[in-house]
Amino acid sequence: MALVRWGLKRQNFHPLRRRRSLLLKLTVVVISVLLFCEYFIYYLVIFQCHWPEVKTLAPGSRQEPVLKTMFLADTHLLGEIRGHWLDKLRREWQMERAFQTAVWLLQPEVVFILGDIFDEGKWSTAQAWADDVQRFQKMFRHGSHVQLKVVIGNHDIGFHYQMSKHRIKRFEKVFSSERLFSLKGVNFVMVNSVAMEGDGCSICSEAEAELREISRKLNCSREVRGSSQCEDEQRLPSSAPVLLQHYPLYRASDANCSGEDAAPAGERNIPFKEKYDVLSQEASRKLLWWFRPRLVLSGHTHSACEVLHPGGAPEVSVPSFSWRNRNNPSFIMGSLTSREYALSKCYLPFEDTVLTMYGVAAGFLVVLTLAHFEHLHSSFLFGWKLCRIHKRR
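None of these values were measured; they are calculated from a predicted model.

Overview of the overall build of the protein chain
A count of helical and extended segments in the protein chain gives eight helices and 11 strands. Looking at the protein chain residue by residue over its 393 residues, the buried ones come to 49%. When the accessible surface of the protein chain is totalled, it reaches about 20,200 Å², and 58% of it is carbon and sulfur.

Structure, rendered in structure tokens:
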């Protein structure tokens, strides 16, 4: 009888202890997986990125300061119309963690976002716009040692037929109307490419007039002092500028683009529509003629591409920074001096990698739980056998 009572007590005690043990194991696994997939993975992946080295100058020449710059594009913060709360939470957390980790690890001096910051800027009411701006400022917060510059995209103010002075002013009130930015001898020209329609509309005419004036200032910086046209002009660095815009310069398609983050193979041969997918040939010729840039960076297509334009100007299309648009988002790291530059790409964690880890963790939890219940079942069998022995006696 004592043996039976002891067996029944053991039967009741072990399942309780095992339940507590199971709960502890499940909690540890869940917290560990969440911390790794939502936080530490960004450090692990971005830690592998390094600033590219600029070509060294001839021995004995003066070493120029190097400007460390990040370029990213197409964040597409979701709005109240098309944005599901779960989609917002998932993708915006991904961009926030990626940006904050990159800024902390890499310590850039300037960050450029090449348009389409918002997904619904072309439709947003005043309140929706204010809410979106507040979320953006939280996600892309940065210290005073980092300058953040933003280029206008078509989703921020609408396509040409949708844009208005009100939307442009609303955007520039938050992000500045600056079109020319110079630092450490490097000139950047930030183009409102949505206004490069070339149809003579008032916004387009004003935008082109502003760009021509910037072109004149840059040309004056390259001339010998004492020129009559530039005598009283404030001098800018004499280096050829870097052109930044949302729409790419004209190219027929992405057929010549390659790499793991280029457009899918089935889409590369689809012809681009001028003034919609890329700038028109006329607008592209104007920009290349006015600025003679040494480098062009653009967004809009959500995919990577490298193009060499007439005159030798290289263009790099920067892929989207968001999981919503790509499984393998990335950004460009640039080391620039007044004469040289070097670029490298930094990939963010792949979304399917994170989902796979969650899937594996879920499977492990299921196995762990089933194993626990198998032990529990064995305990009940042991107690039942003891009861049968007692009855036989």
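A word on the pairing of strand β7 (residues 295-298)
Working note: regular strand, side chains alternate between the two faces of the sheet. Side-chain alternation along β7 places L295 and L297 on one buried face and V296 and S298 on a second face that is also buried. In the sheet, strand β6 (residues 242-244) pairs with β7 via three bridges, with the strands oriented parallel. If you follow V242 over to β7, its bridge partner there is L295. For the segment spanning β6, helix α7 (residues 281-291) and β7, crossover handedness is right-handed. Where β7 and strand β9 (residues 314-317) come together, three bridges link them in parallel fashion. The residue bridging L297 from the neighbouring strand is V316, located in β9.

Here we look at the pattern of salt bridges
Scanning the entire structure with this criterion turns up 21 salt bridges. Where R179 meets E210, a salt bridge forms, and the shortest distance between an N and an O atom there is 3.9 Å. One end of the pair, R179, is in the loop between α5 (165-175) and β4 (180-183); the other, E210, is in helix α6 (residues 202-222), and 31 residues separate them in sequence. Assessed through its relative accessible area of 36%, E210 is described here as partly exposed.

Some points on the side chain of S330
Within the secondary structure, S330 sits in strand β10 (residues 330-336). With a relative accessible area of 0%, S330 lands in the buried category.

Regarding the packing of helix α3 (residues 126-139) against α5
The geometry of α3 relative to α5 is characterised by a closest axis approach of 12 Å and an angle of 30° between their N-to-C directions. In terms of their interaxial angle, α3 and α5 are classed as roughly parallel. The two elements α3 and α5 meet at a crossing, and its hand is right-handed. Residues A126, W129, V133, F136 and Q137 of α3 form the contact with α5, whose participating residues are R170, F171, V174 and F175. Class assignment for the residues of the contact of α3 with α5 results in seven nonpolar, one polar and one charged.

Quick word on the sheet that holds β7
One open sheet holds the six strands; their spatial order is β4-β5-β6-β7-β9-β8, and the pairing between them is mixed. Two strands lie at the open edges of the sheet, namely β4 and β8 (305-308), each paired on one side alone. In this sheet, neighbouring strand axes are inclined to one another by 20° on average, regardless of whether the strands run parallel or antiparallel. The pairing of strand β5 (residues 186-190) with β6 spans three bridges and is parallel. Across the sheet, residue V189 finds its bridge partner in β6, namely L243. α6 rests against β4 and β5 of the sheet, and its axis sits at about 170° to β5.

Some details on the state of the cysteines
On inspection of all chains with the given rule, the structure shows two disulfides. In this model, C49 is linked to C346 through a disulfide, with the two sulfur atoms separated by 2.0 Å. The chirality of the disulfide connecting C49 with C346 is right-handed, given an S-S dihedral of about 80°. Residue C49 is located in the loop between α1 (2-46) and β1 (67-72), and its partner C346 is located in strand β11 (residues 341-347); the two are separated by 297 residues in the primary sequence.

With respect to the confidence of the model for the protein chain
Scored by pLDDT, the protein chain comes out at a mean of 88, with 86% of its residues at no less than 70. Every residue in residues 379-384 scores below 50 in pLDDT, and together they form seven contacts with partners more than four places removed in sequence or on other chains.

With respect to the packing of aromatic side chains
Counting across every chain of the model gives 20 aromatic pairs. Aromatic side chains F112 and F181 sit 6.2 Å apart centroid to centroid with 70° between the ring planes, which places their arrangement in the edge-to-face category. Of this pair, F112 sits in strand β2 (residues 110-113) while F181 sits in strand β4, and the two are 69 residues apart along the sequence. Across this residue pair, the class does not change: F112 and F181 are buried. Following the ring pairs from residue to residue traces out a cluster consisting of F99, F118, W129, F136, F140, F171, F175, F321 and F331. For the cation-ring pair, R97 lies above W93, with the distance from its terminal atom to the ring centre recorded as 5.7 Å. The side chain of K273 reaches across the aromatic face of Y276, ending 5.3 Å from its centre.

Criteria and thresholds
- Residues numbered from 1 in each chain as written.
- Predicted model: local features only at pLDDT ≥ 70, side-chain atom pairs only at ≥ 80, totals over all residues.
- Heavy atoms only, no water.
- Helix = DSSP H or I, 4+ residues; strand = E, 2+ residues; numbered from the N terminus.
- Buried < 20%, exposed > 50% of the residue type's maximum accessible area, 1.4 Å probe, protein only.
- Areas by Shrake-Rupley, 256 points an atom, 1.4 Å probe, with all protein chains shown as cover.
- Pairing = 2+ DSSP bridges.
- Right-handed = clockwise from strand over helix to strand, strands pointing away.
- Salt bridge = Lys/Arg side-chain N within 4 Å of Asp/Glu carboxyl O.
- Axes fitted to C-alpha atoms, helices over the stretch in contact; angles between N-to-C directions.
- Parallel < 35°, antiparallel > 145°, perpendicular 65-115°, else oblique.
- Left-handed = near helix turned anticlockwise from the far one by under 90°.
- Contact = heavy atoms within 4.5 Å.
- Nonpolar A, V, L, I, M, F, W, Y, C, P; charged D, E, K, R; others polar.
- Disulfide = S-S within 2.5 Å.
- pLDDT = per-residue confidence, 0-100.
- Phe/Tyr/Trp six-rings, centres within 6.5 Å; stacked < 30°, edge-to-face > 60°.
- Lys NZ or Arg CZ within 6 Å of the ring centre and 35° of its normal.

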